[in-house]
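Here are the chains, one letter per residue:
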Amino acid sequence: MANIKSAKKRILVNRTKADRNKSIKSGTKTAIKKVLTAIESGDKAAAETELKAATKTIEMAASKGIYHKNNAARKVSRLSKAVNQMA
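Read on for an overview of the structure. Note that this is a predicted model, so its numbers are computed, not measured.

Tracing the chain through its elements places I32 in helix α1 (residues 5–41). When the C-alpha positions of I32 and R15 are compared, they lie 26 Å apart, and in sequence the two are 17 residues distant. Ignoring sequence-local partners within four residues, the contact set of I32 consists of A54, I58, K75 and L79.

A separate point is the packing of α1 against helix α2 (residues 44–63). At a minimum axis separation of 9 Å, α1 and α2 run at an interaxial angle of 160°. Put simply, α1 runs roughly antiparallel to α2. Here α1 runs over α2; the crossing is left-handed. For the pair formed by α1 and α2, the contact residues are I24, T28, A31, I32, K34, V35, A38 and I39 on the first element and A46, A47, E50, L51, A54, T57, I58 and A61 on the second. Within the contact of α1 with α2, the residues separate by chemical class into twelve nonpolar, two polar and two charged.

What counts and what doesn't
- Residues numbered from 1 in each chain as written.
- Predicted model: local features only at pLDDT ≥ 70, side-chain atom pairs only at ≥ 80, totals over all residues.
- Heavy atoms only, no water.
- Helix = DSSP H or I, 4+ residues; strand = E, 2+ residues; numbered from the N terminus.
- Contact = heavy atoms within 4.5 Å.
- Axes fitted to C-alpha atoms, helices over the stretch in contact; angles between N-to-C directions.
- Parallel < 35°, antiparallel > 145°, perpendicular 65-115°, else oblique.
- Left-handed = near helix turned anticlockwise from the far one by under 90°.
- Nonpolar A, V, L, I, M, F, W, Y, C, P; charged D, E, K, R; others polar.

All quantities given are derived from atomic positions and should not be read as evidence of function.
This is the structure we're talking about:
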């Protein structure tokens, strides 16, 4: 355990930020899974609405620095490509 006050604060702040990042990443993964589930069920309308929601969560995570912008763009691109290829 740290003895210096600033080091103790860093530990607390880092733990808080890690929890926040974990929560946002988890929500993003859930949104992606909802899109994939809608694609598997064959419901294009539901897939499009879920894609819109997932895109928003991914972009927000990227703006917070949780995902790199290229990583976020790749995730959105792959999801939208999968939705667009539905019959």
